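Geometric and topological summary
Below, each chain spelled out in residue letters.
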Amino acid sequence: MAKESENAAANTGNESQFVSFEIGGTTFLIPIDRVIEFRTWTEPTQVPHTPAYVRGIVNIRGEIVPIYDVAARLGRGATDPGARHVVVIVRGHEGRSVGLLVDSVTDIVAARDGDRAPMPSIEGGDATPFMAGVVFAADRILGVTDVDRLVEETFPHGEYAAAEGESPPP
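What comes next is a walk through the structure. Numbering of residues begins from 1 in every chain and follows the order in which that chain's sequence is written. Local features are withheld for residues below a pLDDT of 70 in this predicted model, meaning they are given only at 70 or higher, and side-chain atom pairs are given and counted only at 80 or more; totals for whole chains, interfaces and linings count all residues. Side-chain figures throughout are based on the complete set of non-hydrogen atoms in the structure, without hydrogens or water.

**Structural notes on the sheet that holds strand 11 (residues 140–145)**
Here, strands pair whenever DSSP counts at least two bridges between them. The helix count covers DSSP runs of H or I at least four residues long, the strand count covers runs of E at least two residues long, and both are numbered beginning at the N terminus. Strand order in this open sheet of six strands is 8-1-2-11-10-9, and the pairing throughout is mixed. Looking at strand neighbours, the two that pair on one side only are strand 8 (104–112) and strand 9 (116–118), the edges of this open sheet. Across the sheet, the mean angle from the axis of one strand to that of its neighbour is 35 degrees, orientation sign disregarded. Taken together, the eight bridges between strand 1 (residues 15–23) and strand 8 define a ladder with antiparallel strand orientation. Paired with Phe18 across the bridge in strand 8 is Val109. Angles run from 0 to 180 degrees between N-to-C directions of axes, and those axes are lines fitted to C-alpha atoms, restricted for helices to the stretch in contact.

Below, the structure written as structure tokens:
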């Protein structure tokens, strides 16, 4: 009976779900509640004076959405996108849509509280600025992508809102 109680207690933690995607053979996660949709790769409109990891913008049902090359953003070099690549549209900073260019979307991963941990501090400063934490899945440790940091680093101090046509704060 005690064993059943322990198992029941172990299974009562909050469960989170994540979409897993691959970049250069490495699997990363995005919280599923941030994912809006998946799209096939189409060449975006380039925007002058944007960082190299911003591939451009696309119009999705009247919303202008920036497309980020996640491999380039993570320092792994620019992606040469083709038909197999996927753009994951997510809710980014301040609820605005952002497209993430990835090699492929692979799975849905469920994780209970005990399967998650914050990102550890790594020697040498902020070596993992775009990782919000980790999930222990089977025999692997998967990094959870911090979508907000991806956008905040590009559009600091409200410039993202101004770029979308809103007035910057006084």
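**A word on the environment of Ile60**
Here Ile60 shows up in strand 4 (residues 54–60). Note on definitions: a residue-residue contact is assigned when non-hydrogen atoms from the two residues lie within 4.5 Å. Those residues in contact with Ile60, other than ones at most four positions away along the chain, are Glu37, Arg39, Val65 and Ile89.

**Things to note about the sheet that holds strand 4**
Read from one edge to the other, the open sheet built from five strands follows the order 3-6-7-5-4, with strand pairing classed as mixed. Where the open sheet ends on each side, the last strands, each with one partner, are strand 3 (35–40) and strand 4. The average angle at which neighbouring strand axes cross in this sheet is 30 degrees, direction not considered. The pairing of strand 3 with strand 6 (residues 86–91) spans five bridges and is antiparallel.

**A short note on the environment of Arg116**
Checked against the element boundaries, Arg116 lands in strand 9. Classification of residues uses two cut-offs on accessible area relative to the type maximum, computed with a 1.4 Å probe and protein chains only: under 20% is buried, over 50% is exposed, and between them is partly exposed. Residue Arg116 is classed as partly exposed on the basis of its relative accessible area, which comes to 25%. With 101 residues separating them along the chain, Arg116 and Glu15 place their C-alpha atoms 9.8 Å apart. In this view, Arg116 contacts Asn14, Glu15, Ser16, Phe18, Ala111, Val134, Val135 and Phe136; residues no more than four positions away in its chain are not counted. In protein, a polar contact requires one atom able to donate a hydrogen and another able to accept it; more generally it is a pair of N or O atoms within 3.5 Å, and residues adjacent in sequence count only if both atoms are side-chain atoms. One polar contact links the side chain of Arg116 to the main-chain carbonyl oxygen of Ala111, over a distance of 3.0 Å.

**Focus: the nonpolar core**
As a rule of thumb, soluble globular proteins bury nonpolar side chains together. Nonpolar cores were defined as sets of buried Ala, Val, Leu, Ile, Met, Phe, Trp, Tyr and Cys residues, with membership established by side-chain atoms within 4.5 Å. If you look at the biggest cluster of nonpolar residues, it comprises 21 residues, and the most contacted ones within it are Phe21, Ile23, Ile30, Val88, Val90, Leu100 and Val102. Of all the elements in the fold, those that place two or more residues in this core are strand 1, strand 2 (26–31), helix 2 (70–73), strand 6, strand 7 (97–102) and helix 3 (147–154). Once residues lying within four places of it in the same chain are set aside, the contact partners of Val88 are Ile30, Val35, Glu37, Phe38, Val98, Gly99, Leu100, Val102 and Val105.

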